[in-house]
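For reference, the chains in residue letters:
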Amino acid sequence: MIVSRKDVIATLEDRLAGRISDGALAAWAFDLFYRVEQGQATVPPEDADAIAEALDAMMFADDPGFALAEADLRRLIDRLQQP
């Protein structure tokens, strides 16, 4: 499975639209991070830094101390849309 920036953006947009919770966002990011680490999923090399940064921010979004506000989610999307 190849994970693209568009995949991550779609999940962030799901959170913004209220289709998934902070907990679901964190669980998705955590799962994806470990699938990439274990070689079960891949990220295009040119997208690796942006996706890693986004996953790092999202993995703990269910913890009140690391919760992502709407502005934070939009910043992650903006970062992922940059070349």
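Here is a short report on the structure shown in this document. Keep in mind the model is a prediction, meaning the values are calculated, not measured.

Cut-offs and rules
- Residues numbered from 1 in each chain as written.
- Predicted model: local features only at pLDDT ≥ 70, side-chain atom pairs only at ≥ 80, totals over all residues.
- Heavy atoms only, no water.
- Helix = DSSP H or I, 4+ residues; strand = E, 2+ residues; numbered from the N terminus.
- Buried < 20%, exposed > 50% of the residue type's maximum accessible area, 1.4 Å probe, protein only.
- Contact = heavy atoms within 4.5 Å.
- Areas by Shrake-Rupley, 256 points an atom, 1.4 Å probe, with all protein chains shown as cover.
- Expected span 1.5 Å × (residues − 1).
- Arc of directions from axis to C-beta.

## Considering the overall build of the protein chain
Right, so step 1: Regarding its fold elements, the protein chain presents 4 helices and 0 strands.
Right, so step 2: Start at the N end of the protein chain and walk to the C end: the helices and strands fall as α-α-α-α.
Right, so step 3: When its C-alpha atoms are laid out on the principal axes, the protein chain stretches across 30 × 25 × 20 Å.
Right, so step 4: By residue count, 31% of the 83 residues in the protein chain fall in the buried class.
Right, so step 5: The long-range fraction of contacts in the protein chain, counting pairs at least 24 apart against all pairs at least 6 apart in sequence, stands at 71%.
Right, so step 6: Counting only carbon and sulfur atoms, one obtains 52% of the accessible surface of the protein chain, whose full area is about 5000 Å².

## Regarding helix H4 (residues 70-81)
Each turn of an α-helix holds 3.6 residues, which means side chains three or four residues apart point in the same direction.
Right, so step 1: A rise of 1.5 Å per residue sets the reference length of H4, with its 12 residues, at 16 Å; its end C-alpha atoms lie 17 Å apart and thus fit the reference within 8%.
Right, so step 2: Restricting attention to buried positions, one finds in H4 the residues Leu73, Leu76, Ile77 and Leu80. Buried residues in H4, looked at end-on, bunch into an arc of 100 degrees, giving them a common side.
Right, so step 3: Looking at the buried side of H4, the elements it contacts are helix H1 (5-16), helix H2 (22-37) and helix H3 (48-58).

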